[in-house]
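# Fold and contact review
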Amino acid sequence: MIEVDLTVNGERYKLDVEPRLTLLEVLRENLLLSGTKEACGVGECGTCVVLADGEPVTSCLMLVGDADGVAIETVEGLAADGELNEVQQAFVDTGAFQCGFCTPAMVLTATAMLRNGAKPDVEEVKKTLGGILCRCGAYPKILEAVAQVIGESR
Amino acid sequence: MTGYVGTRAARVDSVEKVTGKAVYAVDLQMAGMLHGAVLRSPHPHARIVSIDTTAAEAAPGVRAVVTGRDFPYLFGSAIKDQPFLAIDRVRYVGEPVVAVAADTEAMAQEALDLIRVDYTPLPAVVDMRLALADNAPLVHPDLHEYWKGPHEIIPHTNVNTIYRHERGDIEAGFAAADLIVEGEYSAHALSHAALEVHAAIAEYDSSSGGYTLWVSTDRPFMLRSELAAGLGLDSSRVRLKVAQVGGSFGGKGVPVAEAVAVALARHTRGRPVRVELSREEDLTASQVRPPAIMKLKTGVTRDGYFTARTAEVLWDSGAYTAYTVGIAIRGSQTIMGPYRIPNLRILSRQVYTNKSITGSYRGYGTTQVTWACESQMDDIATQLGIDPVAIRLQNAYEEGDPYLNGQIMHGVGVVETIEKARDAIGWGSVERQPAPHLRRGKGIATMIKPTMTPSSSNCVINVEQDGRVSVVAAAPEIGAGQDTVLAQMAADAIGVALASVSIPATDTALTPYNGPVASSRTTYHMGNAIVAAGAEIRDNILVLAGEVLGVEPDDLDMHDSVIHDNDGLALITLEDLLAKYSGEGYSMTVGSRFSTADSPLLKADAGVEWISSIFWMFCTQATEIEVDIETGVIRVLKVAAATDVGKAINPMTCEQQIEGGVIMGLSNGLFEDFSIRDGRIENGSFADYKVATIQDLPEITPIIVESVHDEAPFGAKGIGEPAAAATPPAIGNALYDAVGIRIADLPITPEKVLRALAEKNLAESRS
């Protein structure tokens with residue numbers, strides 16, 4: 001067992017956990033933050049993305065010890081005060097999801113990409129989101145959602 | 001006054017999905033819950049000699065170890081051929097053999113390593129053509145002894161389905177042809193690859209002998225019946241509670257994780273057991289689209305009209321039939337396409353092989369047969385020198401045409417879908433060679449899809465004292481947006497605000513019967529049930545309002561939960577009206593049942609009425625592609641996809657289905673390819689089984705065509721399936737247009753393109 005000091009969505013957790021556990025497992029099983037999803041467990045689908053110090057990472061490949069001292073953001077942290085952030089709102093407005101299983105990863109990655117008023121072009125957006133699978137094929141509406149956010153921040 | 005139907009209302013599941021609050025089966029945690037793991041067969045076909053579980057049973061944290069002999073039941077809706085866990089024999093690589101329940105998933109996995117199974121390998125048949133041979137190994141030597149439904153089989157062979165249909169005079173039809181075109185086409189196995197893997201929690205109640213399951217399924221009542229029938233229980237002894245479904249595409253219907261969870265739960269003294277497949281298990285050992293080999297022979301006149309077609313289709317069910325008997329029958333019918341063919345004959349056979357089980361897949365056979373039909377359509381057009389669009393338009397069904405069984409077709413918008421796709425893609429002009437190594441072409445393909453008929457839907461609408469409305473409808477939200485369109489229809493049928501409508505999660509103990517969320521049937525069937533119940537509850541509300549206000553109910557109406565007079569003057573809100581009952585408490589409930597069984601629209605030729613469909617869906621896609629003649633890589637640039645949905649209840653969710661279908665079709669047609677050696681799927685990961693990403697996205701123009709259907713709720717038919725089927729042949733036809741090669745076997749890989757280009761160049765250099 002190792003002791004880890006996690007900061008998730010601004011809240012601190014001191015946990016005794018097995019060192020072989022991934023951040024994804026600890027988020028879902030220990031902290032019961034089930035908004036972060038698992039779809040492959042080996043870093044190939046992007047479904048489990050969380051933000052680590054603001055950057056998207058696949059939490060299934062991050063050992064929990066490596067998350068010690070890192071500011072972790074999950075989808076549950078985005079609308080903590082009850083108000084959707086502009087990316088979430090754009091996903092709602094444009095219908096940028098279907099089954100919703102990839103949505104936390106898509107929303108988090110897009111939020112990170114668009115922070116500080118960034119205005120990536122469509123090819124950059126596709127490249128940034130290219131590591132996250134959406135089997136429902138919500139891709140066109142996801143691009144529309146991102147365009148809406150960029151348009152609004154102009 | 002306008003309502004919600006026809007608007008781009010935000011999906012009712014929006015907020016829970018963008019905030020991560022939506023709860024899927026994989027998210028559920030329960031007190032005392034154990035974790036299951038499965039030891040699977042390494043052999044495509046073998047006899048189980050012995051199983052030694054002694055060491056596993058003694059391992060730390062292990063609470064139950066279960067084999068097929070401990071749980072000796074069979075299930076299957078068309079043929080009861082599948083054990084919950086293998087009994088004495090394994091029939092595919094990945095078949096569940098022993099299940100373990102332990103305190104943690106890791107403990108369960110570790111215990112698997114302690115189990116010893118001795119097998120005697122048996123000759124396996126992994127090729128569907130060889131499965132037909134007289135001396136082929138039999139996957140199910142006891143086929144003749146299984147319970148089965150009314151369909152035909154050939155006992156003591158691997159043929160688990162045989163189906164024939166004939167109409168007109170086939171010999172005369174071919175005799176009248178100026179040209180006869182023959183071809184053989186094949187469609188491959190595909191994974192549904194829903195991002196949420198198969199997962200289930202099961203709990204056994206020893207006092208009732210019943211089971212409760214928490215599942216991710218698109219067809220709760222069919223799944224319940226199948227489990228209960230397999231276990232020899234009354235169906236109400238099996239209770240299913242359905243969470244959000246993280247994608248289905250037809251793949252979350254038959255018992256997969258459920259079968260193992262139930263077998264374990266029977267042996268855990270009442271503790272719930274969760275079984276969640278790994279991605280590898282989900283890709284290789286849940287179920288796949290049934291592969292098909294399709295032979296088509298078509299006679300046409302010089303000016304491009306059909307005189308006759310014969311279709312011979314061979315389907316591969318894999319080791320067990322699951323829901324594929326219906327595919328072999330219903331799917332084969334649509335190989336005739338949306339075309340008037342006066343003389344036709346279908347022979348369909350489905351065989352067992354020692355491969356992963358197959359199942360229904362978005363389109364229920366149409367994704368396979370549309371590939372054959374539409375590829376050959378372009379071959380015919382080429383040989384006759386007729387434009388591919390023109391030949392489709394001149395043969396396409398129109399309102400009132402007879403279907404294969406003589407049913408008079410109603411709500412037929414196929415011509416409009418062809419015209420709109422043609423116009424949107426800019427048919428007739430293309431920049432052929434944008435770079436020395438690149439060639440461009442355009443292609444078109446269309447399709448027809450019936451819906452499960454007859455079938456029924458029930459709903460209960462409950463209005464609470466505060467004016468909130470529950471629509472109790474067992475139509476799990478699988479991602480396709482049905483909660484939203486059902487809520488929109490309910491809001492308009494009753495006259496309440498959309499925000500006041502909610503659809504509780506399905507629980508088979510509480511929710512009345514509904515057919516499956518499959519066959520694109522939910523909007524039409526559940527919609528009709530909701531429209532009927534909604535109208536009745538609205539009348540009840542207006543009668544009550546008339547009493548309270550001292551007005552004739554006929555002089556009242558209600559919109560957005562506000563009761564008003566016929567001039568539109570608001571009189572009282574629904575909530576204020578019902579507040580009169582605040583002392584005693586109140587709720588107003590109406591239930592309704594809708595079935596298509598007695599619809600006069602289904603009338604057809606004697607003996608083949610069962611082929612009729614209550615409505616028809618059509619989708620035409622036109623594509624522009626670019627092929628790199630040095631690498632063989634195809635890039636799809638544009639897809640114009642026109643789908644006849646009847647009335648669009650919500651144009652945004654219709655677009656989602658069209659766009660999602662196109663992307664799935666593109667992925668199926670170009671990328672997804674199992675590497676199967678000796679019956680074993682070797683590429684059980686997303687790294688090796690490529691699914692389309694956002695970087696593969698072409699420019700998609702979704703086009704909604706609204707044909708008129710008199711019995712549809714607000715005019716709406718269905719939309720979930722059609723788009724996925726038309727994309728691969730539209731791409732294949734564009735490839736022919738670009739470089740003059742035809743790939744007949746899916747998928748269209750760069751290797752096949754390069755080989756065909758080389759063969760074409762060789763043939764041209766010889767001539």
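Above this note sits the structure.
Below: a short report on this structure.

Conventions we followed
- Residues numbered from 1 in each chain as written.
- Chains lettered and ligands numbered in written order.
- Predicted model: local features only at pLDDT ≥ 70, side-chain atom pairs only at ≥ 80, totals over all residues.
- Helix = DSSP H or I, 4+ residues; strand = E, 2+ residues; numbered from the N terminus.
- Rg over C-alpha atoms; globule rule 2.2 N^0.38 Å.
- Buried ≥ 20, exposed ≤ 12 C-beta atoms within 10 Å, placed from the backbone.
- Contact = placed C-beta atoms within 7 Å.
- Nonpolar A, V, L, I, M, F, W, Y, C, P; charged D, E, K, R; others polar.
- Core = buried A, V, L, I, M, F, W, Y, C linked by C-beta atoms within 7 Å.
- Pairing = 2+ DSSP bridges.
- Axes fitted to C-alpha atoms, helices over the stretch in contact; angles between N-to-C directions.
- Parallel < 35°, antiparallel > 145°, perpendicular 65-115°, else oblique.
- Left-handed = near helix turned anticlockwise from the far one by under 90°.

Moving on, we get to the overall build of chain A. Looking only at helices and strands, chain A features 5 helices and 5 strands. Listed N to C, the secondary structure of chain A is β-β-α-β-β-β-α-α-α-α in terms of helices and strands. For a compact globule of 154 residues, the expected C-alpha radius of gyration is about 15 Å, and chain A comes in at 15 Å, within 12% of that figure. Overall, the C-alpha framework of chain A stretches about 50 × 30 × 25 Å when taken along its three principal axes. Residues classed as buried in chain A amount to 52% of the 154 residues present. Taking the intrachain contacts of chain A between residues at least 6 apart in sequence as the baseline, contacts between residues at least 24 apart amount to 60%.

Chain A puts 40 residues into the contact, and the matching count from chain B is 43 residues. Among the secondary structure elements, those contributing two or more residues to the side of chain A that touches chain B are helix 2 (86–94), helix 3 (103–114), helix 4 (122–129) and helix 5 (139–153) of chain A. Taken together, the residues of the side of chain A that touches chain B sort by class into 22 nonpolar, 11 polar and 7 charged.

The subject of this paragraph is the nonpolar core. Residues and elements named next belong to chain B. Counting 285 residues, the largest nonpolar core has Ala261, Val471, Ala490 and Ile530 as its most contacted members. No other element matches helix 13 (residues 522–549), which puts 10 residues into this core. With residues near it in sequence (within four places) discarded, Ala490 still touches Ile461, Val469, Val471, Val501, Ile530 and Gly534.

Here the focus is the sheet that holds strand 24 (residues 570–573) of chain B. All names here are of chain B. The 3 strands are arranged 22-23-24 in an open sheet whose pairing can be described as antiparallel. One side of each edge strand has no neighbouring strand; the edge strands of this open sheet are strand 22 (556–559) and strand 24. Put simply, the sheet's adjacent strands are angled 30° from each other on average, direction ignored. Of the pairings in the sheet, the one linking strand 22 to strand 23 (residues 562–565) comprises 4 bridges and is antiparallel in character. Following the sheet pairing, Met558 is matched in strand 23 by Ile563.

By definition, the strands of a sheet pair up through backbone hydrogen bonds, in either a parallel or an antiparallel sense. All names here are of chain B. Pairing is mixed in the open sheet, where 5 strands are placed in the order 9-17-16-15-10. The outermost strands of the open sheet, each flanked by one partner alone, are strand 9 (159–167) and strand 10 (179–187). Mean inter-strand twist for the sheet, computed between neighbouring axes without regard to direction, equals 5°. In the sheet, strand 16 (residues 306–318) pairs with strand 17 (residues 344–352) via 9 bridges, with the strands oriented parallel. Bridge pairing in strand 17 places Arg309 opposite Leu344. The strands that helix 9 (residues 366–384) touches are strand 10, strand 15 (292–300) and strand 16; relative to strand 10, the one it contacts most, it runs at about 145°.

This part covers the packing of helix 12 (residues 482–494) of chain B against helix 13 of chain B. Residue and element names in this part refer to chain B. Where helix 12 contacts helix 13, the two axes come as close as 8 Å, and the packing angle between them is 30°. Accordingly, the angle class assigned to the pair helix 12 and helix 13 is roughly parallel. Between helix 12 and helix 13 lies a crossing of right-handed hand. Residues Gln482, Val485, Leu486, Met489, Ala490, Ala493 and Ile494 of helix 12 touch helix 13, and the partners they reach there are Thr522, Thr523, Met526, Gly527, Ile530, Val531, Gly534, Ala535, Ile537 and Arg538. The class makeup of the residues in the contact of helix 12 with helix 13 is 11 nonpolar, 5 polar and 1 charged.

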